[in-house]
Amino acid sequence: ETVSHLPPPPAARPPPPPPGGGWGSRDAVDLAFGIESGVFELDGVMFDICAAVAYDGVRESVGWSSAFELPPAVAAHVHDGMDLTQASNAAGVSGDAKLGEGQGLIGVLSEGRVDR
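Treat the numbers as computed from the prediction; the structure is a model and nothing was measured.

**Let's talk about the pattern of salt bridges**
Here's step 1: If you walk through the whole model with that rule in mind, you get two salt bridges.
Here's step 2: The partner of Asp 56 in a salt bridge is Arg 59, with the nearest N and O atoms 2.7 Å apart.
Here's step 3: With a relative accessible area of 27%, Asp 56 lands in the partly exposed category.
Here's step 4: For Arg 113, the salt bridge goes to Glu 111, with nearest N and O atoms at 3.7 Å.

Right under this line is the structure:
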């Protein structure tokens, strides 16, 4: 007997929009892109990761960045409800109110070797 600890598969996706638009789309749009950053926790350690999705009305492609560990002081502030910029500043890792619009936390932690 095989036992799985994986969640059940997601519900069926809605059908694609009708030709000529739908779901607020425009007729001239051939591709849709979504880019998002977020955090996840694994074994008590919080990581930052980014995802990107491209959708052409038929196919969906997903890409993931490398994840990196957040300093514990930053993670503690994220747990308290702060976003990553606020948490980085509150933890004393950065003093940049627009950290997420520039080099990002990875830029600070890598001393500019990697940026967002």
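Still more to cover.
**Observations concerning helix H1 (residues 72-79)**
Here's step 1: Looking at H1, one finds that the buried residues are Val 74, Ala 75 and Val 78. Considered in projection along H1, the buried side chains sweep an arc of 100° and stay on one side of the axis. What points out from H1, more than 90 degrees from its buried face, is the exposed set Pro 72 and His 79.
Here's step 2: Once H1 ends, the next one or two residues include Gly 81, with phi positive near 105°.

**Points about the nonpolar core**
Here's step 1: If you look at the biggest cluster of nonpolar residues, it comprises 10 residues: Met 46, Phe 68, Leu 70, Val 74, Ala 75, Val 78, Ala 87, Leu 99, Leu 105 and Ile 106.
Here's step 2: Looking at this core, the elements with two or more residues in it are H1 and helix H3 (104-109).
Here's step 3: Looking at which element gives the most residues to this core, the answer is H1, with three residues.
Here's step 4: Setting aside residues no more than four positions away along its own chain, Met 46 makes contact with Val 39, Phe 40, Glu 41, Phe 68, Glu 69, Leu 70, Ala 75, Val 78 and His 79.

**Focus: the layout of surface pockets**
Here's step 1: Looking at the largest pocket, its volume works out to about 610 Å³.
Here's step 2: Along its surface, the largest pocket is lined by 25 residues, and Ser 37, Asp 48, Cys 50, Leu 84 and Arg 116 are the ones closest to its centre.
Here's step 3: Every element with two or more residues in the lining of the largest pocket is listed here: strand E1 (32-42), strand E2 (45-55), helix H2 (84-90) and H3.
Here's step 4: Among the elements that take part in the lining of the largest pocket, E1 stands out by supplying five residues, more than any other.
Here's step 5: When grouped by side-chain class, the residues that make up the lining of the largest pocket number 11 nonpolar, nine polar and five charged.

What counts as what
- Residues numbered from 1 in each chain as written.
- Predicted model: local features only at pLDDT ≥ 70, side-chain atom pairs only at ≥ 80, totals over all residues.
- Heavy atoms only, no water.
- Salt bridge = Lys/Arg side-chain N within 4 Å of Asp/Glu carboxyl O.
- Buried < 20%, exposed > 50% of the residue type's maximum accessible area, 1.4 Å probe, protein only.
- Helix = DSSP H or I, 4+ residues; strand = E, 2+ residues; numbered from the N terminus.
- Arc of directions from axis to C-beta.
- Core = buried A, V, L, I, M, F, W, Y, C linked by side-chain atoms within 4.5 Å.
- Contact = heavy atoms within 4.5 Å.
- 1 Å grid on protein atoms, 1.4 Å probe; cavity = no way out; pocket = protein on both sides within 12 Å on 5 of 7 lines; lining within 4 Å.
- Points joined across faces, edges and corners; volume = space filled by probe spheres on them.
- Nonpolar A, V, L, I, M, F, W, Y, C, P; charged D, E, K, R; others polar.

Any functional reading would require information beyond the geometric quantities listed.
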